[in-house]
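# Geometric and topological summary
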Amino acid sequence: MTELMGKLALVTGGSRGIGAAVAIALASRGADVAITYNSSPEDAAGVVKQIEVAGRRGFAIEADAADAGAVTAAVARAYEVLGGLDVLVNNAGVGAVGMIGDVTVEELDRVLAVNVRGLYVAAQAAAGLLADGGRMIHIGSCIADRNTGPGMSLYAMSKAAVVGMNKGLARDLGARGITSNVVQPGPIDTSMNPADGPFAATQRSYLALDRFGTVEDVAAAVLYLAGPGGSYVTGTELSVDGGHAA
Ligand code: NDP
């Protein structure tokens, strides 16, 4: 349980859902963890408390992923306060559902700003600060591999972009021993996609395993990629999707 002892990590969108579970899991293995949040300061404070209960340093930074300046400043602040950076988990993201004819330019810009540009800017800011041998882990989606129904073109595009970015990052950073990978969750029970929501049964019907995943299922994959066992894994996608792509 101490494979990340002394590591320094930043998790974007760490106030709720998958990001919160990842931050707490990293702390449980010995990492000090900074998180960013946008609209949930109280949830972010609760996550910081849990990081501290695990015996690690934690702090929260307000930074809208759609605001490039705020993202760059958050990465720099995490580096400064933690005293370095070993792991970036690019998790902040928003859902989007809409038929191609209904998606507005404003929705298009907002989703790409958070789900794509926000990750790129965070990766760019972290690239110069990460220690040699560091890790980047981006939270994509199984939707990048396979769309099972209508209305997902915008969200799927945003998550497919993460796959392309990741391969480029792996090449750019490999000489320093820094790995970059995407975790692609299937349906995970969070407020973005509740396991008892109106679309839950339909989503389950596409899986090999007849259940939604938990945030801990995703955090376990992040721990693997951040830990010693993941040191020779880079430029790839790790699906944690209950068999969505099977
Ligand atoms: P939640 O809605 O439960 O949590 C989203 C998190 O991202 C919150 O901490 C939220 O912070 C943060 N966030 C959202 N918008 C911004 C923003 N503009 N700037 C900074 N932070 C932001 O979602 P999940 O935990 O379910 O999703 C996390 C990631 O996993 C996303 O990238 C999502 O696309 C991906 N994913 C989720 C799946 C699922 O089924 N749940 C499946 C596949 C992928 P705050 O509340 O402070 O705004």
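Presented here is a report on the structure given in the accompanying data block. (Residues numbered from 1 in each chain as written. Predicted model: local features only at pLDDT ≥ 70, side-chain atom pairs only at ≥ 80, totals over all residues. Heavy atoms only, no water.)

On to helix α7 (residues 215–226). With 12 residues, α7 ought to run about 16 Å at 1.5 Å a step, and its terminal C-alpha atoms sit 16 Å apart, in line with that. Residues of α7 that are buried sit in contact with α1 (17–28), β4 (87–90), β5 (135–139), β6 (179–185) and β7 (237–240). (Helix = DSSP H or I, 4+ residues; strand = E, 2+ residues; numbered from the N terminus. Expected span 1.5 Å × (residues − 1). Contact = heavy atoms within 4.5 Å.)

The subject of this paragraph is the pairing of β5. Where a strand is regular, its side chains alternate between the two sheet faces. Taken across its 5 residues, β5 has 5 buried, putting it largely inside the fold. Residues Arg135, Ile137 and Ile139 line one face of β5 and the alternating positions Met136 and His138 line the opposite face, and both faces are buried. Judged from the 4 bridges that link them, β4 and β5 form a sheet pairing that is parallel. When the sheet's bridge partners are listed, Asn90 is paired in β5 with His138. A crossover connection joins β4 to the parallel β5 through helix α4 (residues 105–127); in handedness this β-α-β unit is right-handed. Sheet analysis places β5 next to β6, joined by 5 bridges and oriented parallel. Bridge pairing in β6 links Ile139 to Val183. Running through helix α5 (residues 153–173), the crossover from β5 to the neighbouring parallel element β6 is right-handed. (Buried < 20%, exposed > 50% of the residue type's maximum accessible area, 1.4 Å probe, protein only. Pairing = 2+ DSSP bridges. Right-handed = clockwise from strand over helix to strand, strands pointing away.)

Mapped onto the fold, Val103 is located in the loop between β4 and α4. Overall, the relative accessible area of 24% leaves Val103 in the partly exposed class. A sequence separation of 93 residues divides Val103 from Asp196, and the C-alpha atoms of the two residues are 26 Å apart. Discounting chain neighbours no more than four positions away, the residues touching Val103 are Gly98, Leu108 and Leu154.

It is the rolling of a water-molecule-sized probe over the atoms that shows where space remains empty. Scanning the entire structure with this criterion turns up 1 cavity of 30 Å³ or more. As a volume, the largest cavity reaches approximately 80 Å³. Forming the boundary of the largest cavity are Thr12, Thr36, Ala63, Ala65, Val71, Ala74, Val75, Asn90, Ala92, Gly118, Leu119 and Ala122. When contributions to the lining of the largest cavity are tallied by element, the ones reaching two or more residues are α3 (68–82) and α4. A per-class count over the lining of the largest cavity returns 8 nonpolar, 4 polar and no charged. (1 Å grid on protein atoms, 1.4 Å probe; cavity = no way out; pocket = protein on both sides within 12 Å on 5 of 7 lines; lining within 4 Å. Points joined across faces, edges and corners; volume = space filled by probe spheres on them. Nonpolar A, V, L, I, M, F, W, Y, C, P; charged D, E, K, R; others polar.)

Now for α1. Spanning 12 residues, α1 covers 17 Å between terminal C-alpha atoms, matching the ideal 16 Å at 1.5 Å per step. Most of α1 is tucked away: 9 of the 12 residues are buried. Residues Ile18, Gly19, Ala20, Ala21, Val22, Ala23, Ala25, Leu26 and Ala27 constitute the buried set of α1. Taken together, the buried residues of α1 touch β1 (8–11), β2 (32–37), α2 (41–53), β4, β6 and α7. A positive phi of about 110° marks Gly30, the residue just after α1.

Another aspect to go through is the site of the ligand. Inspection of the region around the ligand gives 31 residues, with Arg16, Ser40, Ala65, Tyr155 and Thr190 positioned closest. Note that a nitrogen atom of the ligand is positioned 2.7 Å from one of the backbone N or O atoms of Ala65. In this structure, an oxygen atom belonging to the ligand sits 2.8 Å away from a main-chain N or O atom of Asn91. Against a free-state accessible area of 880 Å², the protein chains account for coverage of 96% of the ligand. At the level of secondary structure, the elements contributing two or more residues to the shell around the ligand comprise α1, α4 and α5. A per-class count over the shell around the ligand returns 13 nonpolar, 14 polar and 4 charged. (Near = heavy atom within 4 Å. Polar contact = N/O pair within 3.5 Å; in protein donor to acceptor, adjacent residues only side chain to side chain. Areas by Shrake-Rupley, 256 points an atom, 1.4 Å probe, with all protein chains shown as cover.)

With that settled, consider the pattern of salt bridges. Under the counting rule described, the total for this entry stands at 8 salt bridges. We note a salt bridge from Arg29 to Glu3, for which the minimum N-O separation is 3.1 Å. Remark: Glu3 occurs in the segment before β1 and Arg29 occurs in the loop between α1 and β2; sequence separation between them is 26 residues. Residues Asp64 and Arg110 are paired through a salt bridge, measuring 3.5 Å at the closest nitrogen-oxygen approach. Placement of the pair is Asp64 in the loop between β3 (58–62) and α3 and Arg110 in helix α4, with a sequence separation of 46 residues. (Salt bridge = Lys/Arg side-chain N within 4 Å of Asp/Glu carboxyl O.)

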